Amino acid sequence: MKRHIPGLHSRQQDRESLLEGLFLVRVDAASYRWHPQKPFLSVRFVVLEPEPFAGRSLSGRLYCTERALWKLNWFLRDFGYDSDLLNRDQVDEKALLNLRGVLRTSHVTLNGRSFQNLEAFAPAGNWEELAASAIGNGNGQENADDL
């Protein structure tokens, strides 16, 4: 069976397709991926706000190594993950679905490959305030301390 996949032949990834900035998002999918040195949680988000980006999706990794657990914990707390499961050190992939929160992203290129970086998180209730401060800065970006 043949499938048409637009852009498959392109060698360069279009920079405009990378989402970078501050977004109100919903968790669309999540799955744990085992790796001997760096197990991680792969998460796909759907953008809810700002409106021009609504419906677009982005994916990222949250590593589950001892040194990186602080970031996974930050994500889970700010997105309203079940505190009972969190207190038992459990991540239920189904419980992650449809969680909402604020996500700040950037991208980094290593060895010619571009990766989405999940930089910061905040509760969904903070969206209006954070979006207003990002617009007030004039460039749509905010300081790491703002989240």
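Remember, predicted model here, so these are calculated numbers, not experimental data. (Residues numbered from 1 in each chain as written. Predicted model: local features only at pLDDT ≥ 70, side-chain atom pairs only at ≥ 80, totals over all residues. Heavy atoms only, no water.)

### With respect to the pattern of salt bridges
So, point 1. A full pass over the atoms with the stated rule returns 3 salt bridges.
So, point 2. A salt bridge links R44 to D28; the nearest nitrogen and oxygen atoms lie 2.8 Å apart. Separated by 16 residues along the polypeptide, R44 in strand β2 (residues 40-49) and D28 in strand β1 (residues 21-33) bring together distant segments of the chain.
So, point 3. Judged by its relative accessible area of 35%, R44 is partly exposed.
So, point 4. The exposure class of D28 is partly exposed, given its relative accessible area of 29%.
So, point 5. One salt bridge in this structure joins E119 and R104, with 3.0 Å as the shortest N-O distance. Here E119, found in strand β5 (residues 113-123), pairs with R104, found in strand β4 (residues 100-110); they are 15 residues apart in sequence, far enough to count as distant.
So, point 6. Linked by salt bridges that have partners in common, R26, D28 and R44 make up one network. (Salt bridge = Lys/Arg side-chain N within 4 Å of Asp/Glu carboxyl O. Helix = DSSP H or I, 4+ residues; strand = E, 2+ residues; numbered from the N terminus. Buried < 20%, exposed > 50% of the residue type's maximum accessible area, 1.4 Å probe, protein only.)

### Some words on the packing of aromatic side chains
So, point 1. Here the structure, examined in full by the defined rule, presents 9 aromatic pairs.
So, point 2. Between F75 and F79, the ring centres sit 4.7 Å apart and the planes meet at 45 degrees, which makes this aromatic pair tilted. In terms of burial, F75 and F79 fall into one category: buried.
So, point 3. Arranged with centres 6.1 Å apart and planes meeting at 80 degrees, the rings of F79 and F121 form a pair that is edge-to-face. Placement of the pair is F79 in the loop between α1 (69-78) and α2 (83-87) and F121 in strand β5, with a sequence separation of 42 residues. Residue F79 shares its accessibility class with F121, and that shared class is buried.
So, point 4. One aromatic cluster is present, formed by F45, W70, W74, F75, F79 and F121 through successive ring pairs.
So, point 5. Lying over the aromatic face of Y63, K38 brings its terminal NZ or CZ to 4.9 Å of the ring centre.
So, point 6. Above the face of the F40 ring, R61 is positioned so that its terminal group lies 4.0 Å from the ring centre. (Phe/Tyr/Trp six-rings, centres within 6.5 Å; stacked < 30°, edge-to-face > 60°. Lys NZ or Arg CZ within 6 Å of the ring centre and 35° of its normal.)

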